[in-house]
Amino acid sequence: MAQSSHPKLPSVLPSVPAVQDVDTTPEQVKGGYARVTNPTETPIFICAMQNCYRLFPSRDRLMVHRKRDHDSEDQEDIITWNE
């Protein structure tokens, strides 16, 4: 079985039991405070270099970060759902 070549984002928060939301009203749910999105509407590019995991709205912005903060122009170790 072949392994996925995509990097996996590690869990950074300890797991806790799920609790029921008793505060959100039906009006808030209908009001659109949250919704399902897709890669076209919400681009996400994550720098996975050296366990950085910073989020960026475009590959260009991520690469500016890489050059400035990591002194690298490496195109590897990018987590995204946009490509």
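Scroll up to find the structure this text is about.
My aim in this report is to walk through the structure given alongside it, one point at a time. (Residues numbered from 1 in each chain as written. Predicted model: local features only at pLDDT ≥ 70, side-chain atom pairs only at ≥ 80, totals over all residues. Heavy atoms only, no water.)

### Digging into the pattern of salt bridges
Under the convention used in this document: The working definition used for a salt bridge is a side-chain nitrogen of Lys or Arg within 4 Å of a carboxyl oxygen of Asp or Glu. Relative accessibility decides the category of a residue: with a 1.4 Å probe and only protein chains considered, values under 20% of the type maximum give buried, values over 50% give exposed, and everything between is partly exposed.
By the definition in use, this model includes four salt bridges. A salt bridge links Glu73 to Lys67; the shortest N-O distance between them is 3.5 Å. As far as burial versus exposure is concerned, Glu73 and Lys67 are alike and both exposed. The shortest N-O distance in the salt bridge between Arg68 and Asp69 comes to 2.8 Å. With relative accessibility at 39%, the residue Asp69 sits in the partly exposed group.

### A few points about the environment of Phe45
The cut-off we apply is this: Under the scheme used here, helices are H or I runs from DSSP no shorter than 4 residues and strands are E runs no shorter than 2 residues, and both carry numbers assigned from the N terminus. Here, residues are in contact when the closest pair of their heavy atoms is within 4.5 Å.
With respect to the helices, strands and loops of the structure, Phe45 is situated in strand β1 (residues 45-47). With a relative accessible area of 7%, Phe45 lands in the buried category. Among all residues touching Phe45, those that are not within four sequence positions of it are Arg54, Leu55, Phe56, Pro57, Ser58, Arg59, Leu62, Ile78, Ile79, Thr80, Asn82 and Glu83.

Honestly, it's all geometry; don't read function into it.
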